[in-house]
Amino acid sequence: MFRSSILALLGVCGLAATPAASQTTPRPALAVATDTVRLTLPEAEQRLFQNNLAVLAQQYNVTVAQAQAVQARVIDNPTLYVEQDVLRRRIARPSVPEGTVGSEAIVTVQQLFSLAGRRRAAGQVARQGAVVEQYNLQELLRLLRYQLRTIYYDVYFKQQTLKTYDTEITSLTRTVGLYQTQFEKGNIALKEVIRLRAFLFALQSERQAILNDVAADQTDLHVLLRDATGSQFVPLVNLGRTRELSLRGYSEQQLVDTALVRRTDLNARRAAVEQQNLNLRLQQKLATPDLAVGYTYDKAGSYISNYSALTLGMAVPVFNRNQGNIQAAKAQIAGSRLLLDQQQLIVQSEIHQAYQLVARNDELFQTNDRDTSPFARLMVGIEQSYAKRVLSVVEYLDFFESYKNNLVQLNTLRANRVRAFEQLNFAVGKPVFRAE
């Protein structure tokens, strides 16, 4: 954090120096809404899992697939056929057998039986479909978790950068006011005041651009967490933990091996291949026709009264032996296996790229001095020298710009490094590197 102050009027011109901000004293001047919510990353992830609408919708898809698996194993209902003579009178005919009385009635009950274990095979296919949907849910969570974590850290480091701008703008605004007063007294030239005002306007424009980025990130966080309050999230990050992030102890091949087991998109592909294998077995069993078993009762319409009979029915597999669907199922298996192989190559490539990106960002981070205290102390002397007219306005603003760029670039480097680790976590399929 930075703290600004104005030195006493110095010299014959009575100019005020504005010492550089210290990085240790908290400053509440961050331009965010009064209604703020301090949020840790574990709390944000918990809210994501519980509240995100896309996650809730996908959970219903899992429920639908599980219900379809139950339905696939349900036995078909029996069929009941009833025929009744509604006229309830004797049909005129040349001769009526002795003892024939009342009206005609026919009752038929039939039950369809699936042979060759077709119902069980259909249930296995449906259950595997539920497994695929479960992996799709986990993949959605992986994607949303990555989006949440990257936005969370981006918001934090951008808010830290905004604190730098707030401190410098506050300090420079006071300096401009003092120099405007000295110009009106005829002690300094107008061009010097204009130069200071131009630099102040540039700082304000840069700050506004960052505010716009933070506002967009805040909107994404509200959507991810299903928060309609309009409050501003203030991420709580332990910078010491972020500095401890390291690739030490993790080789690229180890991470690849972990990803081949943990990546939910890969597991979804494997589950899809297994589903296609089960579907092939189902299509092969569908070549065996169903057996229909029934019972028929005829009161007075057969050659004897109260006729009873057992019925059996089955389609004769002469033309349709489900050969087309069987060939289609085999082709689907081959296509699913190719997609699985392709996804494995994608996983290996993503981990390689993410690993190299982390290594480059971490090397740059480790080889640069992250202590800004000497720079801050130097700025105190620079502003005092400018107040004493030892430095020109060009030199002063050059040092001011360098100081600001150093802090902004440091926050950018920190953000890029943490984002690289999060990208590697995303590629592996589990949060191997955590700073919370």
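Residues numbered from 1 in each chain as written. Predicted model: local features only at pLDDT ≥ 70, side-chain atom pairs only at ≥ 80, totals over all residues. Heavy atoms only, no water.

Here's the deal with the packing of aromatic side chains
Then step 1. On inspection of all chains with the given rule, the structure shows 7 aromatic pairs.
Then step 2. Centroid distance Tyr156 to Phe157: 5.1 Å. Interplanar angle 75°. Geometry classified as edge-to-face. This pair shows no difference in class: Tyr156 is buried, exactly as Phe157 is.
Then step 3. A connected cluster of aromatic rings, assembled from ring pairs, spans Tyr250, Phe421 and Phe433.
Then step 4. A cation over a ring is seen here: Arg142 above Phe426, with NZ or CZ 4.1 Å from the ring centre. (Phe/Tyr/Trp six-rings, centres within 6.5 Å; stacked < 30°, edge-to-face > 60°. Buried < 20%, exposed > 50% of the residue type's maximum accessible area, 1.4 Å probe, protein only. Lys NZ or Arg CZ within 6 Å of the ring centre and 35° of its normal.)

Notes on the confidence of the model for the protein
Then step 1. Of the residues in the protein, 84% have a pLDDT of 70 or more, and the chain-wide mean is 85.
Then step 2. Here helix H9 (residues 373-387) stands out as the least confident element of the protein, with mean pLDDT 67; helix H7 (residues 264-286) is the most confident, with 96.
Then step 3. Throughout residues 1-33 the model reports pLDDT below 50, and contacts reaching past four residues in sequence, or to other chains, amount to 88 contacts. (pLDDT = per-residue confidence, 0-100. Helix = DSSP H or I, 4+ residues; strand = E, 2+ residues; numbered from the N terminus. Contact = heavy atoms within 4.5 Å.)

As for the pattern of salt bridges
Then step 1. Under the counting rule described, the total for this entry stands at 19 salt bridges.
Then step 2. We note a salt bridge from Asp265 to Arg263, for which the minimum N-O separation is 2.7 Å. The pair formed by Asp265 and Arg263 is uniform in burial state, with each residue classed as buried. (Salt bridge = Lys/Arg side-chain N within 4 Å of Asp/Glu carboxyl O.)

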